[in-house]
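The residues making up each chain are set out below.
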Amino acid sequence: MAEPKSQNRDAYDMILGAIDEGLYRPGDRLVESDLAERFGVSRTPIREALQRLETQSLLTRDGRAAPVLALLADSVPAIGRATRVVIRAEAFNNETELVVTADHRLFVPGRRSEIDPHAPDRMEPARKLVNGLTITADPGGRIEVFHVLLDRHDVIYAEGIPCESFLLTGASRAGLAPHLRALVEAAAPDLAHTPHPASVPPDLRPARPGPARPASGTAQAV
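Reading the values: rules and limits
Residues numbered from 1 in each chain as written. Predicted model: local features only at pLDDT ≥ 70, side-chain atom pairs only at ≥ 80, totals over all residues. Heavy atoms only, no water. Helix = DSSP H or I, 4+ residues; strand = E, 2+ residues; numbered from the N terminus. Pairing = 2+ DSSP bridges. Axes fitted to C-alpha atoms, helices over the stretch in contact; angles between N-to-C directions. Core = buried A, V, L, I, M, F, W, Y, C linked by side-chain atoms within 4.5 Å. Buried < 20%, exposed > 50% of the residue type's maximum accessible area, 1.4 Å probe, protein only. Contact = heavy atoms within 4.5 Å. Polar contact = N/O pair within 3.5 Å; in protein donor to acceptor, adjacent residues only side chain to side chain.

J.: I'd love a proper account of unusual backbone geometry, names of residues and values included.
T.: In terms of backbone geometry, most residues other than glycine have negative phi values and most peptide bonds are trans. Even without being a glycine, E90 presents a positive backbone phi close to 80°. Mapping E90 onto the fold places it in the loop between strand 4 (84-87) and strand 5 (98-101).

Shown next as structure tokens:
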């Protein structure tokens, strides 16, 4: 059952007010469970409020600015792994529609669960999130694909939806169209990414490192 939008708005206003009043300072870590307890709401509106504040650059997930090394754009047949998946407005608290390929992974924060209230964050391919209503598959024709290459595999935002940046490995480099491979060779000839922890099965994930220092003027969401 969805949380009432009034609760989402209240959580956003309460966190923003606490930042404005100096209760949270640049570099402070904002933890969902702590905020939910402090403001007397569930973790769902807190999570959505943090995501909204991140898109407004008031919070950063790990406090690190990531340079864009290359923007890889191509047009491919919308079939198989590249089947078009349409994410409707409001499906992920997003205001506008987003179109991705079936294999493009979205960042799914750990959800509330009566069995496991501490479920880990994860990345899921869009095809696994198709529900026929707010997220639909639309095969056929062609799709314009845009990949953002950073200096590491990370979570970025597209239309307010957290998703993965391009994961550069030997296999993904080799699988690029020749003109895109040339762009990558020029921008990052020796780069090979370590997959983001959320893209790795929980039992295979490395120990989480300590937090990086956020840029001045931002708080840090965890």
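J.: Outline the sheet that holds strand 4, supporting the account with residue identities and numerical values.
T.: On the basis of which strands lie adjacent, the open sheet formed by three strands has the order 5-4-8 and antiparallel pairing. A strand with exactly one partner marks an edge of an open sheet, and here the two such strands are strand 5 and strand 8 (135-138). Direction aside, neighbouring strands of the sheet carry axes that sit 30° apart on average. Note: strand 4 against strand 5, four bridges, orientation antiparallel.

J.: Mind laying out the nonpolar core, listing which residues take part and the relevant values?
T.: Counting residues in hydrophobic clusters, the biggest one holds 15 residues, and the most contacted among them are I15, L30, L35, F39, I46 and L50. A per-element tally of this core places helix 1 (residues 5-20) first, with five residues. Each residue touching I15, except ones within four places of it in the same chain, is listed here: L30, L35, F39, I46, A49, L50 and L53. Formed by 13 residues, the second largest nonpolar core is a distinct cluster that contains I87, F92, V108 and L129.

J.: Outline the side chain of H196, listing residues and values.
T.: With respect to the helices, strands and loops of the structure, H196 is situated in the loop between helix 5 (178-187) and strand 12 (219-221). In terms of polar contacts, H196 uses its side chain to reach the backbone amide nitrogen of A198, at 3.0 Å. Sequence-distant contacts of H196, defined by excluding residues within four places in its chain, comprise F107, M123, H153, D154 and V155.

J.: Give a detailed account of the environment of A186, specifying residues and quantitative values.
T.: If you trace the backbone, A186 turns up in helix 5. Judged by relative accessible area, A186 falls into the exposed class, the value being 66%. A C-alpha to C-alpha distance of 9.6 Å links A186 and L69, two positions 117 residues apart in sequence.

Remember, this is a structural readout, not a statement about activity or role.
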